[in-house]
Amino acid sequence: MGKLTSCLVNAQGYGSRMGGRDESETLGAEAVPLSRQAMAGRAPPSYLDGLNEAQREAVEQLTGPVLMLAGAGTGKTRALTTRIAHLLQTGHARPDEILAVTFTNKAAREMKNRVGGLLGTMVEGMPWIGTFHSICVKILRRHAGLITDKAGTRHLKTNFTILDTDDQLRLLKQLIQAAHIDERRWPARMLARLIEGWKNRALNPDKVPASEANAYSDNGPGLYEAYQERLVTLNACDFGDLLLHVIHIFQHHRDVRANYQDWFRFILVDEYQDTNVAQYLWLRRLAQGHRNICCVGDDDQSIYGWRGAEVGNILRFEKDFPGAKVVRLEQNYRSTPHILEAANGIIVHNRERLGKSLQSVSDTGHKVQLIGHWDAEEEARWVGERIEDHHAGRSPEARNRYNPRLQDFRQEQERRTKAGLGPINQQEFIRQSFESDQVSRDLKTRNLVTELQKNEPEELDMRAAPRACEVQKFSLDEIAILVRAGHQMRAFEDRFLAIGLPYRVIGGPRFYERMEIRDAMAYFRAAVSPDDGLAFERIVNTPKRGLGDKTRQIIHIAARENGVSLLEGARILVAEGDLAPKVRTALRDLCEGFARWHGLIRADDLAHKEIAAQILEESGYTDYWQEMAARKDIKAAGRLENLKELIDALEQFENLQGFLEHVSLIMDNDTEDAAEKVSIMTLHAAKGLEFPVIFLPGWEDGLFPSQQSMDERGMGGVEEERRLAYVGITRAEECCTISFAARRRIYGQWQSTLPSRFIDELPAEHVEMLTPPALDRGGFGTASSANTLAGSDLAGNASRADVYNSPGWRRLQARLGPHGPRRPYEAESVIIDSEAVSSPGPGDRVFHQKFGYGTVIAIEGDKLEVAFEKAGIKKVLAGFVTSP
DNA sequence: GTTCCAACATTTTTT
DNA sequence: ATGTTGGAAC
């Protein structure tokens, strides 16, 4: 493999500029398994089997611009990867002539794997499948010299570093300070966001529109420019630069541009609706060569507008690429019809869309379920119980119509009849049966009441046999809760912890981004390579050793004066420097520690796992967190856990060094945990995933759609939120449950909330309204069990009912029609479990489902004597009456 | 150099 | 409510 080849294949490779076409023939082709000749004239390849018509069309239209509009669950990835396989098999391109761009490493990895799978062989030498950024890095490494500062004196070197957000922010802070700007009023984060926004739109400092020039302390563009200058000096790029620099090179260096345009015969883009202006320009430039560009996306799933994604790109595709072929994939293989219709029903309210409607391949399934709750805690409690049902194979749907207790009762009656015994009381039997069950009392009560009140055994019999899907057991892995905002997760975590339901949070801070992990890694880095000053600097004073800012500066000076690393500088300082005794001791201990650890690593007679543990132990780092844990730091226990996990992860590597390399290159957090767990994640994080059972809590105006989104982007914001709703629903394969709460605590303040406007948009015929567990106790009880007490003891009944006077609720009722939900105090179910209920007393006016209104005369245990207005004096169970 | 307190903001997130 | 951050007090 030639030098040039290696630089193209290897992302880290540095090399000379790509030469002409001839010179590039070796490019990326260390192992080209399929030559064009070999592929010609074969029988129709088997990988095309099983594709539907639209998919096949998208795969076989190999040349020219193609827009594949692929709705959720329509086999988009399959079509895309098959297309690549087809390009290769038919000899249209060699593996290294195909450019396939994704947004995430995960997607790129999956694409590679699946292409390999289709062709039956591992396809080596597909160097141009990757993320926008990784591909840009690859290109930029080879042309870095073409990027210069304004004066043209300094230029980027091929080994430039890529700044992470932390570094970037630190750099901006320095610049802000240098410009004597009050950082309180003008936070660095704000500037970072602005600059990112400009870069997303491919705007250089001099191109920033005048209207935005004052967006940051009168001088955003100036600071932006200073920042860019500084980056070149530091031989560094931020993420946005990776694209912008390449665009710049394409613009100003015809030869380079022509080279790449020529080279990439076929371009494929995944998630095209998520591209921003810069990515669009980049793609358009490259596609100008062969015009073989295939963009795959779904305008209805564009949910990243807030970070610069332009739905316009996909909406404009046919104009940008005249003669483009547009293929719509609408055959959905994921969800049942009700779910799809619910999703379709919501998304049709968007104006800006190309228009598509998903068709299910199945013809059975549940309706989307909708339920309101009192607050977030109750919502979490309810979801937790539902999940337990799903997990146990006890379908809640089945339970609403079919109560196994009644069957048991009939069996028992039969048995007694046969045995010649007298009949037993149905209510007593069922109640006893419930008492001995493991089901939570709250649920027992609810079911008991429902069944007893229906009092229509025949009808129940008809529905007694549950459909197959209703008793299906779901693994916890098949269940996910998708929330709009991170803070919603807490209620669920709290509840699941309480009931011992295993869960995992997807997204959130990545494992290797957590403070304790970064600290530990810094220790390892500094121990492995004593030259790593950045790592050393991070942990000199972690845990606290009395080595603060001042000492750090002294170490810096000592190191610079002696021309050595920070650690070595510290050593010199300990030996000869002018230090306070305490400082000297602390620093000496640390230096000796590192010397010892470094020795251990080199000696290599201890397992690296042991060494790592020892480092964290002797440095006092684990002690530090243990002490924090003792001092009731809630997070400390988790941090210790993480550290343990880190040490455990070491086992899979040869040595510490290998581990560190892996982490810095991959930084992946896909620690697939074997244990069965429910997933909790944001709607954004759920894009591209699917689950049999989905819960969508928090559908309230202001939260979802988010107030901020609406304020900032107006109608466009609502439409993006609506797409988010669409994404959420279409994640579900079989069961989709939407819920909302009547009030929610936001920033510590209780706020009444209205059901989301998206709930109004759900097509009524595909939605089943469930009775809220707590809201249906409109009667005397403020709370009926310990379960409910916890969250809602502050809640008065009057305020509860207020939700049901809200416009949102009214609209909903009107739309759901006479069979829709009832106001809670009209609902028939009530509480029979008297001990926790505050029962009505004599003189109270009550309502009974059968007997109507009446007044309580007397109480006998759980029975009431009531004078009914129409039915006369009757004795009834307290549970059967409600307050009117 | 460390600790404590007050002010502050607080959707979504990949590279 | 909760977490972070920067500055002042110790």
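Residues numbered from 1 in each chain as written. Chains lettered and ligands numbered in written order. Predicted model: local features only at pLDDT ≥ 70, side-chain atom pairs only at ≥ 80, totals over all residues. Heavy atoms only, no water.

Here we take up the nonpolar core. By size, the foremost hydrophobic cluster in this structure holds 65 residues, and its most contacted members are Leu99, Ile267 and Trp282. Ranked by residue count, the leading element in this core is helix H10 (residues 239-252), at seven residues. Non-local contacts of Ile267, meaning those with residues more than four positions away in its chain, are made with Leu99, Leu283, Leu286, Ala287, Asn292, Ile293 and Cys294. Membership of the second largest hydrophobic core comes to 49 residues, among which are Tyr512, Val528, Leu587 and Cys591. (Core = buried A, V, L, I, M, F, W, Y, C linked by side-chain atoms within 4.5 Å. Buried < 20%, exposed > 50% of the residue type's maximum accessible area, 1.4 Å probe, protein only. Helix = DSSP H or I, 4+ residues; strand = E, 2+ residues; numbered from the N terminus. Contact = heavy atoms within 4.5 Å.)

The subject of this paragraph is helix H3 (residues 53-60). Ala54, Gln55, Ala58 and Val59 are the residues of H3 that are buried. With its buried residues spanning 135 degrees around the axis, H3 presents them on a single face. Lining the buried residues of H3 we find strand E1 (66-70), helix H4 (76-89) and strand E8 (325-329). Where H3 begins, the capping side chain belongs to Asn52, and its oxygen is found 3.1 Å from the backbone nitrogen of Ala54. (Arc of directions from axis to C-beta. Polar contact = N/O pair within 3.5 Å; in protein donor to acceptor, adjacent residues only side chain to side chain.)

What follows concerns the environment of Phe266. Tracing the backbone through its elements, the reader meets Phe266 in strand E6 (residues 266-269). A relative accessible area of 4% places Phe266 in the buried class. Remark: the alpha-carbon pair of Phe266 and Ile572, spanning 306 residues in sequence, is separated by 59 Å. Once residues within four sequence positions are removed from consideration, Phe266 is found in contact with Leu62, Thr63, Leu87, His92, Ala93, Glu97, Ile98, Leu99 and Asn292.

Attention now goes to the pairing of strand E15 (residues 691-696). In terms of burial, E15 is largely enclosed, as six of its six residues are buried. Where strand E12 (residues 479-483) lies against E15, three bridges are found, and the strand directions are parallel. Considered in E15, the bridge of Ile479 is made with Val693. Regarding topology, helix H33 (residues 707-729) serves as the crossover connection from E15 to the parallel strand E16 (residues 732-741), and that connection is right-handed. (Pairing = 2+ DSSP bridges. Right-handed = clockwise from strand over helix to strand, strands pointing away.)

Taken together, the neighbourhood of DNA strand B is formed by 29 residues, with Arg484, Gly486, Gly546, Thr551 and Thr682 sitting nearest. Considering the 4 Å shell around the protein, atoms of DNA strand B inside it are sugar or phosphate in 51% of instances. Between DNA strand B and Arg307, the relevant distance is 3.5 Å, taken from a sugar or linking oxygen to a side-chain nitrogen or oxygen of the residue. Within the side chain of Gln708, one N or O atom sits 3.0 Å away from a phosphate oxygen of DNA strand B. The set of elements that each furnish at least two residues to the surface near DNA strand B consists of helix H25 (549-562) and H33. Of the residues that constitute the surface near DNA strand B, the class distribution is seven nonpolar, 14 polar and eight charged. (Near = heavy atom within 4 Å. Nonpolar A, V, L, I, M, F, W, Y, C, P; charged D, E, K, R; others polar.)

Attention shifts here to the sheet that holds strand E7 (residues 293-297). Within a sheet, adjacent strands bond to each other through the backbone by hydrogen bonds, running parallel or antiparallel. Read across the open sheet, the six strands follow the order E3-E2-E6-E7-E1-E8; overall the sheet is parallel. Only two strands of the sheet have a single neighbouring strand rather than two, namely strand E3 (129-131) and E8. Here the strands of the sheet are splayed against their neighbours by 15 degrees on average, with no regard to which way each runs. As paired elements, E1 and E7 share four bridges and run parallel to each other. For Leu69, the partnering residue across the bridge sits in E7 and is Gly297. (Axes fitted to C-alpha atoms, helices over the stretch in contact; angles between N-to-C directions.)

Moving on to the pattern of salt bridges. The tally for this structure, following the rule as stated, stands at 33 salt bridges. Across the pair Lys76 and Glu271 runs a salt bridge whose closest N-O atoms are separated by 3.3 Å. Of this pair, Lys76 sits in helix H4 while Glu271 is found in the loop between E6 and helix H12 (277-287), placing the two residues 195 residues apart along the sequence. Exposure remark for Lys76: the relative accessible area of 18% places this residue in the buried category. (Salt bridge = Lys/Arg side-chain N within 4 Å of Asp/Glu carboxyl O.)

It is worth spelling out the packing of aromatic side chains at this point. One pass over the structure, following the stated rule, counts 22 aromatic pairs. Seen from their ring centres, Phe496 and Tyr503 are 6.2 Å apart, and the 55 degrees between their planes marks the pair as tilted. As far as the burial class goes, Phe496 and Tyr503 line up, both buried. Taking NZ or CZ as reference, Lys138 lies 5.1 Å from the ring centre of Trp128, over its face. Lying across the ring of Tyr304, Arg307 places its NZ or CZ 3.8 Å from the centre. (Phe/Tyr/Trp six-rings, centres within 6.5 Å; stacked < 30°, edge-to-face > 60°. Lys NZ or Arg CZ within 6 Å of the ring centre and 35° of its normal.)

Looking now at helix H6 (residues 132-143). The terminal C-alpha atoms of H6 lie 17 Å apart, and with 12 residues this matches the ideal 16 Å at 1.5 Å per residue to within 8%. Counting buried positions along H6 yields 10 of 12 residues, so the element is predominantly enclosed. Here H6 has its buried residues at Phe132, Ile135, Cys136, Val137, Lys138, Ile139, Leu140, Arg141, Arg142 and His143. (Expected span 1.5 Å × (residues − 1).)

This part takes up the protein's contact with DNA strand C. Within the structure, DNA strand C sits among Lys173, Arg490, Arg745, Tyr747 and Gly748. In DNA strand C, atoms within 4 Å of the protein come from the sugar-phosphate backbone in 36% of cases. Between a phosphate oxygen of DNA strand C and a side-chain N or O atom of Lys173, the distance comes to 3.5 Å. Taken together, the residues of the surface near DNA strand C break down into one nonpolar, one polar and three charged.

Scored by pLDDT, chain A has a mean of 77; 75% of the residues are at 70 or more. Note that residues 1-40 has pLDDT below 50 and, in this model, 77 contacts with residues that lie over four places away or in other chains. With pLDDT under 50 throughout, residues 774-808 is counted as low confidence; its partners more than four residues away or in other chains account for 79 contacts. (pLDDT = per-residue confidence, 0-100.)

Our next topic: the packing of helix H23 (residues 515-528) against helix H30 (residues 634-650). Packing of H23 against H30 leaves a shortest axis separation of 9 Å and a crossing angle of 45 degrees. In terms of axis orientation, H23 runs oblique to H30. Considering the relative orientation of H23 and H30, their crossing is right-handed. Two secondary-structure elements touch here, H23 through Met515, Glu516, Ile517, Ala520, Met521 and Phe524 and H30 through Arg639, Asn642, Leu643, Leu646 and Ile647. Here the contact of H23 with H30 is composed, by residue class, of eight nonpolar, one polar and two charged. (Parallel < 35°, antiparallel > 145°, perpendicular 65-115°, else oblique. Left-handed = near helix turned anticlockwise from the far one by under 90°.)

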